[in-house]
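Observations on the model geometry
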Amino acid sequence: LILSDLALIKKTDRNRSFVYVADARTGAPINGANVVLKETYYEDGQKASVAQGKSDDAGFFEKKLARGKDVYSSNIAAFAWVGNRYAMTGQGGNYWYG
């Protein structure tokens, strides 16, 4: 359980996943938050891909997803922090097959 005033909203579509990092009280974007997006997918076995960086002026950070003929079920988990403020999401995603 994490009680924090840092909020993290995740959106995933067919080709990318992005997060919005914000102040949970005001909704204002947080610039410069540390962000990690971990994608797990199946391509000839279970694989993972990680993108790490900082949120931009608008509070966003993006990762392009693994794509290909035999890539299935992208699941994304996100984690963000600024100082001692933390936020995370569950792992969920597209579930695109074929």
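This text goes with the structure placed above it.
As the structure is a prediction and not an experimental result, all values here were calculated from the model.

The rules behind each value
- Residues numbered from 1 in each chain as written.
- Predicted model: local features only at pLDDT ≥ 70, side-chain atom pairs only at ≥ 80, totals over all residues.
- Heavy atoms only, no water.
- Helix = DSSP H or I, 4+ residues; strand = E, 2+ residues; numbered from the N terminus.
- Buried < 20%, exposed > 50% of the residue type's maximum accessible area, 1.4 Å probe, protein only.
- Contact = heavy atoms within 4.5 Å.
- Polar contact = N/O pair within 3.5 Å; in protein donor to acceptor, adjacent residues only side chain to side chain.
- Pairing = 2+ DSSP bridges.

1. Some words on the environment of E39
- Tracing the chain through its elements places E39 in strand β3 (residues 34-42).
- Classification of E39 by relative accessible area gives buried; the value is 0%.
- When the C-alpha positions of E39 and S17 are compared, they lie 9.1 Å apart, and in sequence the two are 22 residues distant.
- Excluding residues that lie within four positions of it along the chain, E39 makes contacts with K47, A48, S49, K63, K64, L65, A66, S74, N75 and I76.
- For E39, the side chain forms a polar contact with the main-chain nitrogen of A66, separated by 3.0 Å.

2. With respect to the pairing of β3
- Most of β3 is tucked away, with 7 of its 9 residues classed as buried.
- Alignment of β3 against strand β4 (residues 46-54), held across 9 bridges, turns out to be antiparallel. Bridging across to β4, L37 finds its partner in A51.
- From the end of β3 to the start of β4, which pair antiparallel, there are 3 residues, and D44 there has a positive phi angle of about 60 degrees.

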